[in-house]
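Coordinate analysis (summary)
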Amino acid sequence: MNTTDLFYLLPIGCSVGGAILCLIPIPWFERIVSLIASITAFLSAIYILVFLPTMTNSYVYIDGLSKLVLFTVALVYVSTVLYSLTYLKHIKNPLFKTRLYYLLLNVFASTMFFSVSMDNIGLIWVGIEATTVSSALLVATENNNATIESAWRYVIIVSTGLVISLIATTFIYGSSGTLSISQLMIYHPVNRVFLIGILLAIIGFGTKAGIFPMHTWLPDVHGKAPAPVSAIFSGVLLPVALYAMARVIQIYPSPVVTTFALTLGVLTVVVAALMMTVQENYKRMFAYSSMENMGMILIGFSLGQGGLLGAVIIIIAHGLAKSAVFFFTGDVLSTYGSTSMGDVKGLLGRLPRTAGGLFMGAMAVTGAPPFPVFIGELFIFAELIRQYGWGIAATVMLFLAIAFISVNFKVGKMIFTGGKLYPKEKAHKATWVPIVNLSLSLLSLFFIPYFEQFLHKFLIP
Amino acid sequence: MNYIFEIIGFILIVLTLLMQWEVYVTNIILLFSLSTVFVSTFLVLLGFSRPEGNYLLFVLAGLTLTIRGIVIPVIMSRALHRLYDKPWRVREDKPMMGVGGSILVSLVLIVLGYYIYQNSLYEVLKIRSGAVPFALFMQASLLIISRRHAYIQMIGFLVMENAVVMLSGWVFSGLPFVVEAGAILDLLGLVVVSSLIIRVREQAIMEEGESYESELRG
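Residues take numbers from 1 onward in each chain, read along the sequence in its written order. Key to labels: chains lettered from A, ligands numbered from 1, both in the order written. For a predicted model such as this one, the threshold for reporting local features is a pLDDT of at least 70, and the threshold for listing and counting side-chain atom pairs is 80 or more; totals across whole chains, interfaces and linings nevertheless cover every residue. Each side-chain value is derived from all of the structure's non-hydrogen atoms; neither hydrogens nor water enter the calculation.

**Re the overall build of chain A**
Going by this rule: Secondary structure is summarised from DSSP: a helix means a run of H or I of at least four residues, a strand means a run of E of at least two, and numbering begins at the N terminus for each. Put simply, the radius of gyration uses C-alpha atoms, and a globule should come to 2.2 Å times the residue count raised to 0.38. When accessible area is computed with a 1.4 Å probe and restricted to protein chains, residues below 20% of their type maximum are described as buried, those above 50% as exposed, and intermediate ones as partly exposed. Contacts are assigned to residue pairs with any non-hydrogen atoms lying within 4.5 Å of each other. For the area figures, the Shrake-Rupley method with a 1.4 Å probe applies, and any residue is considered shielded solely by the protein chains shown. In this charge count, Lys and Arg are treated as positive and Asp and Glu as negative; neither His nor the chain ends contribute. Positions of charges follow a simple convention, taking NZ of Lys, CZ of Arg, CG of Asp or CD of Glu.
Counting secondary structure elements, chain A contains 21 helices and 2 strands. Relative to the compact-globule value of 23 Å for 461 residues, chain A shows a C-alpha radius of gyration of 21 Å, a close match. C-alpha extents for chain A along the principal axes are approximately 65 × 55 × 40 Å. Taking all 461 residues of chain A together, 66% fall into the buried category. By sequence separation, contacts in chain A at least 24 residues apart represent 81% of the contacts at least 6 residues apart. Working note: accessible area of chain A is about 14900 Å², and carbon and sulfur atoms make up 70% of it. For chain A, the centre of its 25 positive side-chain charges and the centre of its 16 negative side-chain charges are spaced 8 Å apart.

Shown next, in the form of structure tokens:
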């Protein structure tokens, strides 16, 4: 590895550096350090995206897809740190000191950067498992019985699911003699052991991505974690796990593998849409909305070409918009003190800026035009219809419509009913953070041609 | 050498069956520690059976013994001591199924693991006793599903990881050292973090008499 190659590891270095400096016990130091670490990680991600070419050596593999995911992770990381600066004071009885919260947040970001930069499926597994280690305590920050229970469910379900992908890794290595993604993309064996390895990897990594049938931890965690943690989970942790699935599919895009991934993607959309209709907790509802979007992304990855482009558009646009939505839910929770939709009335009158943002955010994540999620879904549907005809596409469209109506109807009720119940309150200090994220999500629409350039090698039929 | 591996595999299955049978948490931790000693022995023997590049397997055996066999059980035991006045009397009070039932299901899973292996992978791998890690994996899954106590569920997860080590070494040629070492470090981190979470969780259960799963519904 030469000196230039080290630039590719800058996002990891910045966040790890931030985590180490958080150990210094000076008041507010951990916040300043985390902010600097996240901003430098973000700037280095932009540098990699714009100026550095695709790179592969025996450990690191950074191509267009990794660059775009790195950039999204870095952007959501900065916004999470910014939002946490003011949000944490709303947590009355935290499980640990603020310093530890920021330390874990920085480590968590570094494990995600690590996962999307590695050329080795085994090391990607190590990185994704490390995201569980670093984020489990973040889930339990609020230190009440329900959050502790959700953190425990998260640890045991996700870790058990990830053991399946570790088994998959042994199958892949045992049959091919290498775990290098770049090498496996060029040559891989065609036998039953390798195929089983690929399929198990899809199931295993799917656990972390909230893909059916191993998704059960996701609504529990999103429903109980503090808003910034839910935001970073939904915005980028799930796509990082999907990134691993995308790599596995790219290695061996045989009909069995792609059909298997497509089936899981469709089932994920169906289950998430149905579950959304019965939710009474707004954070859980948005968790199922994330699951639905992950299902769409998986469908896109399984289709390749235009579908892959659509999936990447959704990763970026959804990452920004959904993190914004969860930040807004933080404003709502800290004002109303409840996550039950029944308790939230008159949001428009009480917190107009949050209400407007939440309304736009809900539209953005459910794929209302002209938000980029809608464009991404169009790309995926075009490819789905081209490869499989109208049958599956119409089914998925139906369930997307159910999800769209569920989310927007319920959010509309929270915002527009009970008009004069509460007087108008001063907007939360950090409400500008989700507004910026939401605006960036919308603006990403104009960068779609550039995304296409980054993914060029995968888009050629 | 394959004959010795089969004996070790058989011992591991018996130890996991004993875990199913046992209700006291400290005894289950001890059984896990013992089973890890056998996994380390397996790795050492595997190192001797390989003509070259086997020194990493000895390092891996050392790491496995130290971290999985000693450090992790010690962390869990200490956490138990902090949480309970009489940790040796902590037991699974509300298992999902009785001891007899879980042993029976466990035996069925061993047969099922063997059947799945014979009909899917044996034709390709041609290793007669390759079904052992699969059977171990299924038993570990049962331990997680059938018990409510978080420490026992954690042990179930650790047994699963041991099964993967067996699988990668026995059936295939093992994983690269950097991946195995990363997995062990992840495991250590997970146990440390889980111990904290479990302590708070079990404390709440002791005070209230039940877990808070129902509060997660929405």
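Picking up after the structure, the text goes on.
**Brief notes about the packing of aromatic side chains**
All names here are of chain A. What counts here: Centres within 6.5 Å are what make two rings of Phe, Tyr or Trp a pair, Trp counting through its six-membered ring; a difference in plane orientation under 30 degrees is then read as stacked, over 60 as edge-to-face, and the rest as tilted.
Evaluated as defined, the whole model comprises 18 aromatic pairs over all chains. Plain terms: the ring middles of phenylalanine 7 and tyrosine 47 are 5.7 Å apart, the flat faces sit at 55° to each other, and that makes the pair tilted. Of this pair, phenylalanine 7 sits in the loop between α1 (3-6) and α2 (10-21) while tyrosine 47 sits in helix α3 (residues 29-51), and the two are 40 residues apart along the sequence. A relative accessible area of 35% means that phenylalanine 7 is categorised as partly exposed. Ring geometry for phenylalanine 286 and phenylalanine 326: centres 6.3 Å apart, planes at 70°, overall edge-to-face. Taken together, the residues phenylalanine 286 in helix α13 (residues 282-303) and phenylalanine 326 in helix α14 (residues 306-336) connect sequence positions 40 residues apart.

**What to know about the nonpolar core**
Quick note on the threshold: Each nonpolar core is a collection of buried residues, namely Ala, Val, Leu, Ile, Met, Phe, Trp, Tyr and Cys, held together in the definition by side-chain atoms within 4.5 Å.
In terms of nonpolar packing, the biggest core is built from 247 residues, with A:Phe233, A:Ile299 and B:Ile155 touching the most fellow members. Once residues within four sequence positions are removed from consideration, A:Phe233 is found in contact with A:Phe108, A:Ser135, A:Val139, A:Tyr154, A:Trp217, A:Val221, A:His222 and A:Leu238.

**Some details on α2(A)**
All names here are of chain A. Keep this limit in mind: Every helix has an expected span of 1.5 Å times one less than the residues it contains. Comment: arc refers to directions from the helix axis out to C-beta atoms.
Look at α2: 16 Å from first C-alpha to last across 12 residues, which is about the 16 Å you get at 1.5 Å a residue. Where α2 is concerned, the buried positions are Pro11, Ile12, Cys14, Ser15, Gly18 and Ala19. Taken around the axis of α2, the buried residues stretch over an arc of 165°, which confines them to a single face. Where α2 is buried, its residues touch α3, α4 (64-87) and α5 (98-117).

**Digging into α4(A)**
Residues and elements named next belong to chain A. Under the convention used in this document: Here a polar contact is taken to be a pair of N or O atoms separated by no more than 3.5 Å, where protein atoms must pair a possible hydrogen donor with a possible acceptor and residues adjacent in sequence count only if both atoms sit in side chains.
Given a rise of 1.5 Å per residue, 24 residues ought to cover 34 Å, and the 34 Å separating the end C-alpha atoms of α4 matches this to within 8%. The buried fraction of α4 amounts to 21 of the 24 residues, a majority that puts the element mostly inside the structure. For α4, the N-terminal capping position is held by aspartate 63, with its side-chain oxygen 3.2 Å away from the main-chain nitrogen of leucine 65.

**Digging into the side chain of A:Ser406**
All names here are of chain A. Structurally, serine 406 is set in helix α18 (residues 390-416). Given a relative accessible area of 9%, serine 406 falls into the buried group. Of note is the side chain of serine 406, whose polar atom sits 2.9 Å from the backbone oxygen of isoleucine 402. Not counting residues within four places of it along the chain, the set of residues in contact with serine 406 comprises Met276, Thr277 and Met285.

On their own, these measurements won't tell you what the molecule is for.
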